[in-house]
Structure formats: C-alpha cells, structure tokens
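Geometric and topological summary
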Amino acid sequence: MVSVEAYQNGGKGMGIDQVCLQEIDANPRKYLYPLWNRLASGSYFLPPVKEVPIPKGEGKVRMLGIPTILDRVAQQVIRVELEKIIEPLSHPSSFGYRPGRSAHDALEQCAKNCWERWYVVDLDIKGFFDNIDHGQMMRILQKYTSQKLILLYSERWLKAPVYKQDGELQARSKGTPQGGVISPLLANLYLHDAFDQWLADTQPLILFERYADDIVIHTRSIEQSNFILDKLKTRLAEYSLEIHPDKTKTVYCY
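My aim in this report is to walk through the structure given alongside it, one point at a time. Worth saying up front: this structure is predicted, and the values here are computed from it rather than measured.

**Quick word on the pairing of strand S7 (residues 214-219)**
- Pairing analysis gives 6 bridges linking strand S3 (residues 119-124) to S7, with the strands arranged antiparallel. By the bridge assignment, Val-120 is partnered in S7 with His-218.
- Sheet analysis places strand S6 (residues 207-211) next to S7, joined by 5 bridges and oriented antiparallel. Bridging from a neighbouring strand, Leu-207 pairs with His-218 of S7.
- Counting the residues between successive antiparallel strands, the hairpin from S6 to S7 contains 2 residues, one of them, Ala-212, with a positive phi of roughly 55°.

**What to know about the sheet that holds strand S4 (residues 162-163)**
- Sheet architecture is open: 4 strands sit in the order S2-S1-S4-S5, paired in mixed fashion. Of all strands in the sheet, those bounded by a partner on one side alone are strand S2 (60-66) and strand S5 (169-170).
- Summarising the sheet, S4 and S5 pair through 2 bridges and their orientation is antiparallel. Directly across from Tyr-163, in S5, lies its bridge partner Leu-169.

Conventions used here
Residues numbered from 1 in each chain as written. Predicted model: local features only at pLDDT ≥ 70, side-chain atom pairs only at ≥ 80, totals over all residues. Heavy atoms only, no water. Pairing = 2+ DSSP bridges. Helix = DSSP H or I, 4+ residues; strand = E, 2+ residues; numbered from the N terminus.

Next up, the structure:
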C-alpha cells in the first residue's frame, strides 16, 4: 500500500473533482459541513476513484485508486470507528498499518524467531488487494460489527468505480483500491480472518509475522513448511486468494 500523500505534489494526490486541500482549508463550511450531514444521514454517495500509475521497479507500474480529498475525510471518519472494534482483536504478529507498530518491529521479531526456527516460508499472495472478494469482505465485517453506517459505507468504498486514464468509468466487482484511507484496515481484517486467526486456531505453535499482505512463517523443517503451504493453498482459495507460485519460497536461514 502506497501513501497517497506522496502524490499530492503536482495535483496527483487530488481526486477527480480536482479540489485541493488548500481550498477545503480556506472554506471548511462549504465542503465539510455538507459532507458531515450526508455521512450522518446515510445519504453520502462517494465519487469514483482516479486511476494513477506509480513506478514499481523493473519497468513495472502499480495502479493506485486515488479518492477525492473529501472522500478521504469521510473514509477516515469511518476508519476511526472501525479501528476501535478491530484493533483489540488483532493478532500480535500483525504489524502493518496498526497504531504503534512498524516494519522495524516486524523485522525484530522475525530475526528473533529465525534463531529458534531455521526454516521460513516467505509467502506472497498473488494480487492481494485486487482480488479481495467483496461478498466475503462484507461477511467478515458483519461478524465484528452491526453498525449500519460502517457496513453501508465500507461496501460503497469497496465497489467504488474507477475513472481510468483514458476517461472510461470502470465498475469494480472485486478488490479494494490501493490509495484509499480505509483500504489497509479492510485488507488487514480480511487477512485476520483468512490467515491470522485460522493459523492461531489450527496451528497454535507456528510463529509468523505479517505486514499487510507480506507474510513470513517460521517452521522447523522442510516437511513442516510444505505441510503449511499445502494447508494455506486450500485456506486462501476459500477467500478467492492464491499463493504466488514464483514469489513464494521456503528458505533455510540458519
């Protein structure tokens, strides 16, 4: 997940309405008061997200879905409320996009676990953010909250259409746009259900670190590594996810 703030310069961080932060700051009553009214009444309908390409390395690009700044404000309102529910339930080995946790914390725990267990499964999920199943995502949300506005707007943000670079408006049937404020939280909840809690329940002695969709699993042998990978292929398929065959590997790290 890439920070949308990094694309604020040159207007890349603005959504399709081309309203900048300075305009909102200069006249908050014009912009924020109507937004609050619509959010509170359930009548807020979000605009499409703007497709913005960013370099990924090796000549490849990743497409971000950039919401308008006002829509990011709306997402943050719902995110704060949803985070209060999700955060206390989160697994201690989940580090990505959580308050008070960082990639450095994940690396520190990973290094410690590598001294105790000499094999790691470096797990890559193929196109994770693009393949989140909307129906499954909403069923997971409904397990943890019954708040109507959270459920209503989360579903609308999942299904937000994309305004393509060529001017085409493309409907979204799966995935959550990278660039949204609430996307990392929804993605974390998806993998909490699909991976974190499942592994804790079925293989409680297995250690791991997860940072968003980057996962390292610590095992004691190649046989145990293969066993976990086989189980994970079946588990993730239930969530419309697939292990990347080329980027996933087992490493002996003694």
